[in-house]
Amino acid sequence: MNAAVDVFKGNDVAGKEAAGSRLESLNAWVAQVVALTQPDQVHWCDGSESEHANLVAAMQADGTLLPLNRETHPHSWLHRSHPGDVARVEHLTFVCTPDRDEAGPNNHWMDPVAAHAKMDALFAGCMRGRTLYVVPYCMGPIDSPLARCGVEITDSPYVVVNMRLMTRMGAPALARIEREGLDRAVRGQAGDTYVKGLHSTGDLDPERRFIMHFPHELTIKSFGSGYGGNALLGKKCHALRIASHQARQEGWLAEHMLIVGIENPHGQTHYIAAAFPSACGKTNLAMLIPPEGYRQAGWKVWTVGDDICWMRRGQDGRLYAINPEAGFFGVAPGTSDSSNPNALATISHHTIFTNVAVTDDQEPWWEGLDGRTPALDWQGRPYSPEQGPAAHPNSRFTVSARQCPSYSARAEDPQGVPISAIVFGGRRASLVPLVMQARDWTHGVLMGAAMGSETTAAATGAVGVMRRDPMAMKPFCGYNFADYFAHWLSFDTADARLPEVFHVNWFRKDADGKFLWPGFGENLRVLQWMLARVEGRARATETPVGWLPTADDLELEGAGVSAAAMAELLQFDPEGWREEVEALGAYLDEFGERMPPTLKAEQQRILRALSE
Ligand code: GTP
Ligand code: SPV
Ligand code: MN
């Protein structure tokens, strides 16, 4: 008999007989982790309503979850995290590959043997007095060939209930993992297909906090944080860092992109995938509500995903994308009935809020929501403006995607949706125009590689500092950016029908520091131009940095933007760009010989054109 069976006899949270798996290797791994971490109890999560209810009741009893106003926000809770644990910690996040260069200068690296030793020392005995939860999950529609599974072991019930919203968690995922595992065993194949993630909140001491990735072992070890991107391992750790490594080996793409469908008045829908850095507008674009005139004309917008996109080539040569997630872990501040009514409707029930403020009616509140004054700030203190914002700038909501009024019927399509346009964008106060189009795929890859953006509260550290964030993947690419760009370039084959590539900037400011472009719903005007370009119907003017529309090429009626503002938004500044493209060359050189010559040549071509 399997030695692992012993550890499954303990009581679980529901008080019923605890389960195990039909997969010996999974039982063995759980047993090994139990021996290391010494939990009091082991609970295999099935994802059921009753399991969820028990977890919530226990967290309400110990104060992990605080009930919100039941009338206005049924089945919703507030979680206040430790004030020192409110964002991703990029300086404590590592990619551990045998060869350092494989991780590249874009990642913090540690030798895998040293990293395991360091992490196992932290995990030793860390679950004493706690329950260990085994959380099987599937990233992507459960019946999709593009979907991949994982198992997260965690001692955080908050993580469990968040994983239930963010992934397909529980019995169906375990069944898929077992089926894949048993199939492999029958075929005599070694190794597992699912990602093993080990997580403990530890004691939340930032000195004892690390997020480690072992892409070759499909393994993640995360200790000392309960925050989203550090602790919900299916999300950034699996679906981006580990998956990007797998995608490179297997010929697909794992990207930090939203997926949105734009339906025109003729009933034709184009899907767009867009990469913007953290807290730079993905959720908002994915849930966009068309301006009044567009709605009347019959335009509709369909949300497929707001953060992560897995894409692969279909038989017809086009790229097909799925959203590996099942929920949204969205930024709360700035979400309002005018900026994002779809998000507001989505989070009106069955939602977990983390680090928002509350009103005296126990309603969740954040800056930008409305004109009320909250009673308590995100730390539970009586609100006083001298102590900073009421809601933490990186406060978030977790909610099932199915609650979104614009959720696309195609979001659950196992084959994914065909992508017509890829959009890159960042937060750039100057230089970068509202929109431009790449001349071809190679130029598009360079546009992505050239992305720069001002830092946001999504990661700890200074906010508003310009940094390079190629394809919005700086914190998330699980391998060397030089190899990543080469991988992107490799999609350009003779029979490929690749999407058009664009670059946008919703965040350009005037001399007074005010945004020049109204953004949000009005962004549809820019998407409309892009899709007309895809269909070969819209005009543009060529510049060395790409094709730009003039104000006449965009539909601006009712946008409320002055001609002067439009001129500034669409202006091309050759001198500024020359400096930018020179700096880009220096950046590409930081990767040495590994940088694909094609990309370097493209940068040189543009630099020459700018100097003419
Ligand atoms: P992550 O979940 O961190 O990956 O972020 P995200 O890219 O989904 O960002 P999100 O859509 O949540 O936007 C973050 C912030 O940018 C919010 O405060 C929004 O109000 C603001 N924002 C989004 N779209 C626009 C826009 O078009 N214009 C302006 N000015 N602000 C925007
Ligand atoms: C981001 O920071 O890009 C997020 C939030 O989407 S987290 O899941 O914490 O990474
Ligand atoms: Mn993100």
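Not measured: the values here are computed from a predicted model.

Cut-offs and rules
- Residues numbered from 1 in each chain as written.
- Chains lettered and ligands numbered in written order.
- Predicted model: local features only at pLDDT ≥ 70, side-chain atom pairs only at ≥ 80, totals over all residues.
- Heavy atoms only, no water.
- Donors = N, O, S within 2.8 Å, 3.2 Å for Na, K, Ca; no water.
- Tetrahedral: all angles 85-135°; square planar, octahedral: opposite > 155°, others 65-115°.
- Helix = DSSP H or I, 4+ residues; strand = E, 2+ residues; numbered from the N terminus.
- Buried < 20%, exposed > 50% of the residue type's maximum accessible area, 1.4 Å probe, protein only.
- 1 Å grid on protein atoms, 1.4 Å probe; cavity = no way out; pocket = protein on both sides within 12 Å on 5 of 7 lines; lining within 4 Å.
- Points joined across faces, edges and corners; volume = space filled by probe spheres on them.
- Nonpolar A, V, L, I, M, F, W, Y, C, P; charged D, E, K, R; others polar.
- Phe/Tyr/Trp six-rings, centres within 6.5 Å; stacked < 30°, edge-to-face > 60°.
- Lys NZ or Arg CZ within 6 Å of the ring centre and 35° of its normal.
- Near = heavy atom within 4 Å.
- Polar contact = N/O pair within 3.5 Å; in protein donor to acceptor, adjacent residues only side chain to side chain.
- Areas by Shrake-Rupley, 256 points an atom, 1.4 Å probe, with all protein chains shown as cover.
- Sits in = over half its atoms within 2 Å of the grid points.
- Domains from an automatic or database assignment.

**Q** Summarise the coordination of the manganese ion (ligand 3); cite the residues concerned and give the values.
**A** Every protein donor of the manganese ion (ligand 3) is accounted for by Lys 236 (NZ), His 256 (NE2) and Asp 307 (OD), and the metal-donor separations fall at 2.2 to 2.4 Å. Every donor counted, the six donor atoms about the manganese ion (ligand 3) form angles of 69 to 172° at the centre, which fits irregular coordination. Going along the chain, you hit the donors of the manganese ion (ligand 3) in the pattern K-x19-H-x50-D. In this pair, Lys 236 sits in helix H8 (residues 234–250) while Asp 307 sits in the loop between strand S15 (300–305) and strand S16 (309–313), placing the two residues 71 residues apart along the sequence. Look at Asp 307 and you get buried, because its relative accessible area is 9%.

**Q** So what's going on with the layout of surface pockets? Which residues, and what values?
**A** The volume enclosed by the largest pocket comes to roughly 910 Å³. Contributing to the lining of the largest pocket are 45 residues, with Ala 279, Cys 280, Gly 281, Asn 284 and Arg 427 lying nearest its centre. Residue contributions to the lining of the largest pocket peak at four residues, all from helix H9 (residues 282–286). The residue inventory of the lining of the largest pocket, partitioned by class, reads 20 nonpolar, 16 polar and nine charged. In this structure, the second largest pocket spans a volume of roughly 580 Å³. Lining of the second largest pocket is provided by 26 residues; of these, Gly 47, Glu 49, Arg 164, Leu 165 and Ser 400 occupy positions nearest its centre. Secondary-structure elements contributing two or more residues to the lining of the second largest pocket are helix H2 (49–61), helix H5 (157–166) and strand S8 (168–169).

**Q** Which residues make up the packing of aromatic side chains, and what are the values?
**A** Taken as a whole and assessed by the stated rule, the structure comprises 17 aromatic pairs. Look at Tyr 227 and Phe 329: their rings are 5.7 Å apart centre to centre, the planes differ by 55°, and that puts the pair in the tilted class. One end of the pair, Tyr 227, is in the loop between strand S11 (219–223) and helix H7 (228–231); the other, Phe 329, is in strand S18 (residues 327–331), and 102 residues separate them in sequence. Taken as a pair, Tyr 227 and Phe 329 share a single burial class, namely buried. Consider the rings of Tyr 484 and Phe 485, whose centres lie 5.8 Å apart with planes at 50°: the pair is tilted. Taking relative accessible area as the criterion, Tyr 484 reaches 1% and is therefore assigned buried. In textbook terms, an aromatic cluster arises when at least three aromatic residues are bridged by ring pairs, as seen for Tyr 479, Phe 481, Tyr 484, Phe 485, Tyr 587 and Phe 591. Here the basic side chain of Arg 427 rests over the ring of Phe 507, its NZ or CZ set 4.2 Å away from the ring centre. Its end group placed over the ring of Trp 547, Arg 533 keeps NZ or CZ at 5.3 Å from the ring centre.

**Q** I'd like a description of the site of ligand 1, backed by residues and values.
**A** In the neighbourhood of ligand 1, 22 residues make up the surrounding shell, with Ala 279, Lys 282, Thr 283, Asn 284 and Arg 396 lying closest. The contact in question runs from an oxygen atom of ligand 1 to an N or O atom on the backbone of Phe 520, over 3.0 Å. Asn 523 has a polar side-chain atom sitting 3.0 Å from an oxygen atom of ligand 1. Alone, ligand 1 offers 660 Å² of accessible surface; in the complex the protein occludes 91% of this. When atom positions are compared with the pocket grids, ligand 1 is found to occupy the largest pocket. Counting only elements with at least two residues in the shell around ligand 1, the list comes to H9 and S18. Among the elements that make up the shell around ligand 1, the one with the highest residue count is H9 (three residues). Each residue belonging to the shell around ligand 1 can be placed in one class, and the counts come to ten nonpolar, eight polar and four charged. Two domains each provide a minimum of three residues to the shell around ligand 1, namely domain 2 (255–325 + 408–610) and domain 3 (328–403).

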